[in-house]
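Chain residues, written in single-letter form:
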Amino acid sequence: MPKTYTKTTLSNGMTLLLKEIHSAPLISSWVWYRVGSRDEVPPLTGISHLVEHMQFKGTRKYPAALIDKAVARDGGTRNAFTFLDWTTYFETMPADKIDLALRLEADRMVNSLFETKEFSSERTVVISEREGNENEPMFLLGEAVQQAAFRVHSYHHEVIGDMADLKFVTRDDLYRHYRTYYVPNNAVMGIAGDFNTKEMLARLKELFGPLPAGPHPPRLSRPEPEQRGEQRVSVEGPGETAYLEVAYHFPSASHPDFIALSVLDSLLAGPTNLNMFGGGGISNKTSRLYRALVDNQFAVGLSGGSNATVDPFLYYLSLTVHPKRNPEEALIALDDEIRRVQDELVSKEEIRRAIKQARANFAYGTENITNQAFWLGYAEMFASYNWFETYLEKMLTVTPKDIQRVARAYLRPQTRVVGTYIPTGNGKAL
Amino acid sequence: MKLRLGVHRSLPGPEDINRAVLSNGITVLSRSNFNSPSVTISGYIHTGSLFDPDKKLGLADFTASALMRGTSKHTFDSLYNELESVGASLGFDSGLHTTSFHGRALAEDLSLLLHLLSETMRQPEFPKAEVEKLRHQLLTGLAVEMQDTSDMADITFDEILYRGHPYGRSEDGNPDTIKAITRADLVKFHQRTFGPRGMTVVVVGAVEPKATVDLVERVLGDWKNPDQPDEPSLPKLKLLEKTIKRHYKIAGKSQADIVIGTNGPRRKDDDYMAATLGNSVLGQFGMMGRIGESVREKSGLAYYAYSNISAGVGPGSWTISAGVNPANMDKVSELIIKELKRLIRVSVTREELADSQANFIGRLPLSLESNGGVASALLNIERYDLGLDYYRRYPDLVKAITPGDVLKVARKYIDLDRLVIATAGP
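Residues numbered from 1 in each chain as written. Chains lettered and ligands numbered in written order. Predicted model: local features only at pLDDT ≥ 70, side-chain atom pairs only at ≥ 80, totals over all residues.

Turning our attention to the overall build of chain A. Summing up its helical and strand segments, chain A has 16 helices and eleven strands in all. For a compact globule of 430 residues, the expected C-alpha radius of gyration is about 22 Å, and chain A comes in at 23 Å, within 12% of that figure. Projecting the C-alpha coordinates of chain A onto the three principal axes gives extents of approximately 60 × 55 × 40 Å. Relative to its full complement of 430 residues, chain A shows a buried share of 53%. The long-range share in chain A, meaning contacts at least 24 apart out of those at least 6 apart in sequence, stands at 83%. (Helix = DSSP H or I, 4+ residues; strand = E, 2+ residues; numbered from the N terminus. Rg over C-alpha atoms; globule rule 2.2 N^0.38 Å. Buried ≥ 20, exposed ≤ 12 C-beta atoms within 10 Å, placed from the backbone. Contact = placed C-beta atoms within 7 Å.)

The structure is reproduced here in C-alpha cells:
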C-alpha cells in the first residue's frame, strides 16, 4: 500500500503525523498528550480532566475569550477530551484559517496561566458536570463496576474523578500536573485536510520546534492481578427501570487477540463504532444477544463494546432489563448465549458480515475531515497509525476457531464483574 | 499556502443539486459526493402526531416505530438482517407534522436501502407479537424519560407555552395512551395518513443524481393513496398573559434542569434570520454566548447553559437551558433573566453581531462536509421553500441583518412579564 501520510519527530521529541485530504476546504488539527485518568492517584483523581478545562482559560498572549471568539468567527469548531490514557485538543477550521489553531496549540502547550480566580469557577463547572453524570443510572452503575474491576490499576476511577477530590484539589496541583505532562516529547500531533505537506511541515517546525523538551513524564502502571472469581456489585437509585452491566477483562488494543475480540463483539452485540465523529448508526437487532435477550423479552435494549486502551481494560455488555423480568433472569439468558459461542464454532459468513460492517463504519467515518485527523493521533496513543490502516486486513485473517478461542479465554464468569442497578421507584429518595 | 477554491464552489447550488418531482407527488433531491464510498438517504412524509387523537397520544410515533417490525415480505429479524449484514441502517422518527426517515449504506447497497424504505412505508404488517414487544420498549422509554431532568424540563416548558395548542401535547404519548393503542389503531393510522403526496426523498453520496432519481421512481413512483388527508389546521397560539413557573419533581437526582423562554418565530418568518443571529449572541457564539459567559465562565454555576431557537412550520420557541445544582436554581434563573433583559433593552454591539455573522458564514463548509450535513441542508431547502441557490445567497442574507433588526425581533418575542420558567429535579 502506498504511504498515505507523513510521520516525523521533531528534535524536541514531538511526533507529527500529516495527511493531505483535498475533499473539502477544511483542515483538522489534533494535539494528543499521553496523560489521562490512569496517571492519577487519590486525592488527585479527576486532575487530568480539570487541566483540560483550564487549558481553555487562556495564556498571556491568547486570553480565553479572545480565542473562543476568534475560532468561532472563522467558522471553526474546537473541543477537547480526556480519557483513561490520553488528553486531546482539536480544532477544525476552514483551510485558510488553520494557522490560528496551530499558534494557539503551540502557545498553550507551555504558557497557560491557570489563574486562581479562573480555577475557582471552573472547579464548580466540573462539579456540576459530575452532578449531571450522577443523574444517569448508567453512570452510577458503570462507576461501581469499574471500581470493582480494578483494585490495583489506576483504571479504577472514572475520568471525571471523585467528588471528594474535585472539591479539594488546588490550583498548584493542577499546574504541576500540567507542567509535568504537557511537554513536546509527550505530545503527538495529527493533522489532516486541505494543505500541502511540505508547507505544513515547515510551519509546524517553526511553531513547535522551539518548545523545549522536558523530563520524560512518568506513566503510572500498576498491573491489575488476575481476578479470581466473579464480583457482584449493585447500585440503588430512583426510577422504575433496572439495568444490568456485565464487564469482562479485555486485553489492550495492541494485543493480537484484540481484533478477534472485535469480531466477536460484532457477532454478540453488533459492531462497535470506533470513529469519534461520523461513523456508526448500524443497529444491532440481529446480533446474537439481541435475538436472545431482546427478542425473547429479557431486556428492552442492549449494547456492547470495548475501548482501545494501552493496558488491559474492559468489555462491557449493558442491558436495560425488561419491566417484567429481573436482572438475574436476563443474566441467565446472556450466559446461555456466551456458552453457545464458546461451545460451537461460528460460521465464516458471520465473520464476513462483521468485516462488511466494519468497512461500512470506516467509510462513514471518512466523510469527515475531523474524524480522519482524529485517527492519526488516536491510534498512536495505544498502538500506531498503522494499527488503524491495517485494521480491515487484520480482520480478514480471523477464523471461526480464533473466535471460539478468544470467547473461551476472555468471556469467563470468574474474571467478570456483574453490576445491577436496582430502581427504588419514583418519588423515593435514596 | 496555495490559492484556495472559493467558498462557493463547495456549497450546494442549483447546478449540482438534482431536483425532480415524480408524477405521484414525491420530490427527489440528490447531490453527488464521491469522497467516500457511502450514501445517505433522508426525507419525510406528511403524517405526524398532529393526527393523534387525544386519547391515543403517541399513535403516530408508535406507528413509525412499528414500520420496521415486519412487512408483507420480511419478518422483523429478516428485515434487519438485510440491513445489518451490509452495515446499512434505516430508521423512522415521527414529529408533529411529518414522519421522517434516515438511512445510510455503502453506495453499492443504495438500491437495497430504497427498496426497504418503500416496503416498510407501504407494506408494514404490524405483527401482533412485535407490536406488544414494541409497546414494552416504548413504556420503558417513557419511564426512563420521566427520570430525565432535561427531558422533563423541556416537556414541562412545552406544556405551558403551548397550552391548549397541539404543540403542547407529548409526541411520545404517556403510559395510559400507549397502553390504549391497539394493533388496529396502527393499521388504520397507517392506511389513512401515509401517502406519497408531499413526500421528499434526499439522496447524497457516491451516486449519480440522474440514476438516483430513476431508481427512486422505480421503487416509489407507483405509490398512491388517493384518500391521503390534508394536515389538520393549526389553531392560533394563545400568548401568555403572565410569567408562569412550574417545577416537575424527580426525587433523588443530583442535578436540576432549567428551561426559561418564550415564543419564537416560524422558520419562514421574515425575522427568522435576525432572531437566530440574536440567539447566537445570547447563548451560542463561542463558549455559549452571553449566557455561557455569565452562567458558566464567570459564575461557574453550570457545565452547560445555552440558548436555542426552535423554528418549524408553526409557532416556534426561544429558550435558554441550563443544568445546575438544585441549590442554585434561583440564582441561575436570575442570571438568565438578566441577560434577556439586556438583550431587549440595549441593542447588541456591531462587533458582537459581526462575530456571529462571520460564524454563520464561515461554518458552512464544516456543516456541509458529510453526506448527512448536505442531506439536512437539502431537506431544509425543500421543506421551507428556500430555493436551490439558498446556500449561495446565504452569506448576503446573513450580512443584511443589523443590530436594530436584532433588537426589534428580541423585543417582539421576549417579554419579561410573560416568560415560561420550567424546572425539573429534586
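The helix and strand tally for chain B stands at 17 helices and eleven strands. Projecting the C-alpha coordinates of chain B onto the three principal axes gives extents of approximately 60 × 60 × 40 Å. Here chain B, with 426 residues, has 51% of them falling under the buried criterion. Pairs at least 24 apart in sequence give 81% of the contacts found in chain B among residues at least 6 apart.

Reading fine detail from the predicted coordinates is not recommended where pLDDT is low. Here chain B shows a mean pLDDT of 96. Residues at 70 or above account for 98%. Note on residues 1-8 of chain B: pLDDT is under 50 here. Beyond four places in sequence and across chains, it has eleven contacts. (pLDDT = per-residue confidence, 0-100.)

Residues and elements named next belong to chain B. The strand order across the open sheet formed by six strands is β1-β2-β6-β3-β5-β4, and the pairing between neighbours is mixed. Every interior strand has two partners, whereas the edge strands, β1 (18-21) and β4 (89-94), have only one. When the angles between neighbouring strand axes are averaged without regard to direction, this sheet yields 10 degrees. When strand β2 (residues 27-32) meets strand β6 (residues 200-205), the two strands line up parallel, connected through six bridges. Pairing of Leu 29 across the sheet is with Val 202, part of β6. Helix α2 (residues 59-66) contacts β4 and β5 (99-106) of the sheet and is inclined by roughly 170 degrees relative to β4. (Pairing = 2+ DSSP bridges. Axes fitted to C-alpha atoms, helices over the stretch in contact; angles between N-to-C directions.)

The next point concerns helix α1 (residues 47-54) of chain A. Residue and element names in this part refer to chain A. Buried residues dominate α1, accounting for seven of its eight residues. For α1, the set of buried residues is Ile 47, Ser 48, His 49, Leu 50, Val 51, Glu 52 and Met 54. In this structure, the buried side of α1 is in contact with β4 (77-82), β5 (87-94), α4 (116-134) and α7 (171-181).

Quick look at the domain arrangement of chain A now. For interface size, the figure often reported is the accessible area lost on association. Residues and elements named next belong to chain A. Here chain A is partitioned into domain 1 (6-208) and domain 2 (231-423). When each unit is reduced to the centre of its C-alpha atoms, the spacing between domain 1 and domain 2 is 27 Å. The partner domain 2 presents 29 residues to the 35 residues of domain 1 that form the contact. Looking at the side of domain 1 that touches domain 2, the elements with two or more residues in it are β2 (15-20), β3 (26-33), β5, α5 (137-149) and β6 (187-193). Here the side of domain 1 that touches domain 2 takes nine residues from α5, the largest share from any one element. Residue composition of the side of domain 1 that touches domain 2, grouped by class: 22 nonpolar, nine polar and four charged. (Domains from an automatic or database assignment. Nonpolar A, V, L, I, M, F, W, Y, C, P; charged D, E, K, R; others polar.)

All names here are of chain B. Taken domain by domain, chain B consists of domain 1 (12-220) and domain 2 (244-425). Placing the centre of domain 1 and that of domain 2 at their C-alpha centroids yields a distance of 28 Å. On the side of domain 2, 37 residues touch domain 1, which itself brings 30 residues to the contact. Residue assignment for the side of domain 1 that touches domain 2 shows that the elements contributing at least two residues are β2, β3 (38-45), α6 (149-161) and β6.

Contacts between the two partners involve 60 residues from chain B and, on the opposite side, 62 residues from chain A. Elements with a contribution of two residues or more to the side of chain B that touches chain A: α3 (76-85), β5, α5 (128-145), α11 (285-298), β9 (302-310), β10 (316-324), α13 (350-362) and α14 (364-367) of chain B. Residue contributions to the side of chain B that touches chain A peak at seven residues, all from α5 of chain B. Across the side of chain B that touches chain A, the residue classes tally to 23 nonpolar, 25 polar and twelve charged.

This part takes up the pairing of strand β11 (residues 420-425) of chain B. Looking along a regular strand, one sees the side chains alternate between the two faces of the sheet. All names here are of chain B. β11 sits mainly inside the fold: six of its six residues count as buried. The side-chain alternation of β11 yields two buried faces, one formed by Val 420, Ala 422 and Ala 424 and the other by Ile 421, Thr 423 and Gly 425. Relative to β11, strand β7 (residues 244-249) runs parallel, the two sharing six bridges. Across the sheet, the residue bridging to Arg 246 is Ala 422, located in β11. The sheet contact formed by strand β8 (residues 256-264) and β11 spans five bridges and is antiparallel. Considered in β11, the bridge of Ile 260 is made with Ile 421.

The next point concerns the nonpolar core. Membership of the largest hydrophobic core comes to 127 residues, with the highest contact counts inside it found for Val 263 and Leu 293 of chain A. Looking at this core element by element, the count peaks at nine residues for helix α9 (residues 257-269) of chain A. With residues up to four places along the chain from it excluded, the contact list for Val 263 of chain A reads Ile 351, Ala 354, Met 395, Val 398 and Ile 403 of chain A. Counting residues in each nonpolar core, the second largest holds 112 residues, with Val 31, Tyr 182 and Phe 208 of chain A together with Ala 311 of chain B among its members. (Core = buried A, V, L, I, M, F, W, Y, C linked by C-beta atoms within 7 Å.)

Following Pro 42 of chain A, the chain continues into Pro 43 of chain A via a peptide bond in cis, with omega recorded as 5 degrees. On the secondary structure map, Pro 43 of chain A appears in the loop between β3 and α1. Look at Phe 126 of chain B: it is not a glycine, yet its phi comes out positive at around 50 degrees. Topologically, Phe 126 of chain B is positioned in the loop between α4 (110-122) and α5. Within the chain, Asp 385 of chain B stands out as a residue other than glycine whose phi angle is a positive 50 degrees. If you trace the backbone, Asp 385 of chain B turns up in the loop between α15 (371-383) and α16 (390-399). By the C-beta count within 10 Å, which is 9 here, Asp 385 of chain B ends up exposed.

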